[in-house]
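# Observations on chain architecture
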Amino acid sequence: MPILGLTESSTPLHPAHFDIERAIRPNILALHPYRCARDDYQEGILLDANENALGHSIVPSSLSEIENSTLALPLHRYPDPSHDDIKARIATLRRLPGPRNVFLGVGSDEVIDMLQRVCVAPGRERILITPPTYGMYSVCAQVNDVEVVKVPLVLDGSGGEGGEKGRFSVKVDEIKKAVDADPSIRLIFLCSPGNPTGTLLSLSAIRSILEYPGFTGIVVVDEAYIDFGVPENSAASLISEFANLVVMQTLSKGFGLAAIRLGIALAQPPLIQVLTNTKAPYNISTPTAALALSALSPASLARSQSKIESLLQGRTDLLTALAGLKDLGVGSAIGGNNANFVLVPILSRGEGTPDNKRALSVYKALAEENGVVVRYRGSEMGCEGALRVTVGSEEENRVAVQKLREVLSVL
């Protein structure tokens, strides 16, 4: 069954064992997407969409310059449903052919949910995740009545931290065994750099899973933190080769635009077209689109890169400062440290082993008595006693470390 809206191509898909028509639910393949007014015309006297022709009624006089510039946008008109200008800039940034390789969602969470809805039959099929990992994969699965198969990452540090075989690396052979044992698995979610692990997965491991003929579904690589890792090692470099790959990215982290909620899916055109056919007609708002386009301009990209470099230096400095709290019970950071946060275990007094009870007490004391909010991750697999600390500004890092020192001195 052809994918509606997609120009047929004679180029064979790779890998040979992948057939997109078998990877997508039949009802989704047969879906005729809602055709909205702006699909046909975007200029002229627009009397086709039942918009309020007189515009909004927000009084601009008391607002800031930024808010006034937002009000100057055509807020009474429905937005462009395609946003090809944004997609073109993203494609250029990630070295992909063009807009047909890019899908935009309301944060990465919309992309996660849509992939499960289009690929996994409720009540019958499953997804695979690799804990410890981002919690929304399982939340979306529960909402969509989809079971979750778990293949944990490497959880001990005997092979070092991160890398090909170290702590929080992916167990490729175990994933292959899992999909062999359960052909109902239709999506594999890999988080790279991981949350909460901060560990970049190797491209060779991802490639091995993509090439495995025993899995005929889709591999999803979540790269929300890729700009803090090694962007040259992004799985986006594999998209031209593999039709069974989706790479998720976002403007929330490296671009510093968490509030505008813009998520990204990168893939070959057939998968992108399926997502486009399934999405709500106007999922990206005009203010979000305007800010995203500005963020992707050459000047903004240069400024963003400068801030990322500052945060990377801040990460190094934060790790050094936390290492100075060893005698108070802060263990060495675990994972690859490839994101804009670090994961450190809080150790028990005396025994010097990861201590969930003490870590939770430290977490609460920091937040409730000292105004420093970090994230307790001790309940996650392989993260016993761990606190996840985001890299802040230089001053925020200094205060956080000082407050942590004070709290550890009494707990």
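The structure contained in this document is the topic of the report that follows. The model shown is predicted, which means the values in this text are computed figures rather than measured ones.

Within the largest apolar cluster, 51 residues are counted, with the highest numbers of intra-cluster contacts made by Leu128, Ile188, Leu190 and Leu266. Contacts of leucine 128, omitting those with residues within four sequence positions, involve Val149, Val151, Ile175, Ala178, Val179, Ile185, Leu187, Ile188 and Phe189. Among the nonpolar cores identified, the runner-up in size contains 35 residues, and Phe103, Met114, Leu187 and Val246 belong to it.

Along any regular strand the residues' side chains alternate between the sheet's two faces. Counting buried positions along strand S4 (residues 185-191) gives 7 out of 7 residues, so the element sits mostly inside the fold. Where strand S2 (residues 126-129) and S4 come together, 3 bridges link them in parallel fashion. Following the sheet pairing, arginine 126 is matched in S4 by isoleucine 185. Of the pairings in the sheet, the one linking S4 to strand S5 (residues 218-222) comprises 5 bridges and is parallel in character. Bridge pairing in S5 places leucine 187 opposite isoleucine 218. Running through helix H9 (residues 203-211), the crossover from S4 to the neighbouring parallel element S5 is right-handed.

Our focus in this paragraph is the sheet that holds strand S1 (residues 102-105). Spatially, 7 strands are ordered S1-S7-S6-S5-S4-S2-S3 in an open sheet, and the strand pairing comes out mixed. Each having just a single partner strand, S1 and strand S3 (147-150) make up the two edges of the open sheet. Neighbour to neighbour, the strand axes of the sheet diverge by 25° on average, direction disregarded. Pairing of S2 with S3, which is carried by 4 bridges, proceeds in the parallel orientation. Residue pairing across strands places leucine 128 opposite valine 149, the latter belonging to S3. Sitting on the sheet, helix H5 (residues 84-93) is in contact with S1 and strand S7 (263-266), with an inclination near 120° to S1. The strands touched by helix H10 (residues 269-278) within the sheet are S1, S5, strand S6 (245-250) and S7, with S1 carrying the most contacts at an inclination of about 30°.

Residue position: aspartate 227 is located in the loop between S5 and S6. Overall, aspartate 227 belongs to the buried group, its relative accessible area being 13%. Side-chain polar atoms of aspartate 227 contact the side chain of arginine 94, separated by 3.2 Å.

Attention shifts here to the sheet that holds strand S9 (residues 375-376). Ordered by their spatial adjacency, 3 strands build an open sheet running S8-S10-S9, and the pairing between neighbours is antiparallel. Sheet topology places strand S8 (341-345) and S9 at the edges, where each strand pairs with a single neighbour. When S9 meets strand S10 (residues 386-390), the two strands line up antiparallel, connected through 2 bridges. Note on S10: the bridge partner recorded for tyrosine 376 is leucine 387.

Calculation notes
Residues numbered from 1 in each chain as written. Predicted model: local features only at pLDDT ≥ 70, side-chain atom pairs only at ≥ 80, totals over all residues. Heavy atoms only, no water. Core = buried A, V, L, I, M, F, W, Y, C linked by side-chain atoms within 4.5 Å. Buried < 20%, exposed > 50% of the residue type's maximum accessible area, 1.4 Å probe, protein only. Contact = heavy atoms within 4.5 Å. Helix = DSSP H or I, 4+ residues; strand = E, 2+ residues; numbered from the N terminus. Pairing = 2+ DSSP bridges. Right-handed = clockwise from strand over helix to strand, strands pointing away. Axes fitted to C-alpha atoms, helices over the stretch in contact; angles between N-to-C directions. Polar contact = N/O pair within 3.5 Å; in protein donor to acceptor, adjacent residues only side chain to side chain.

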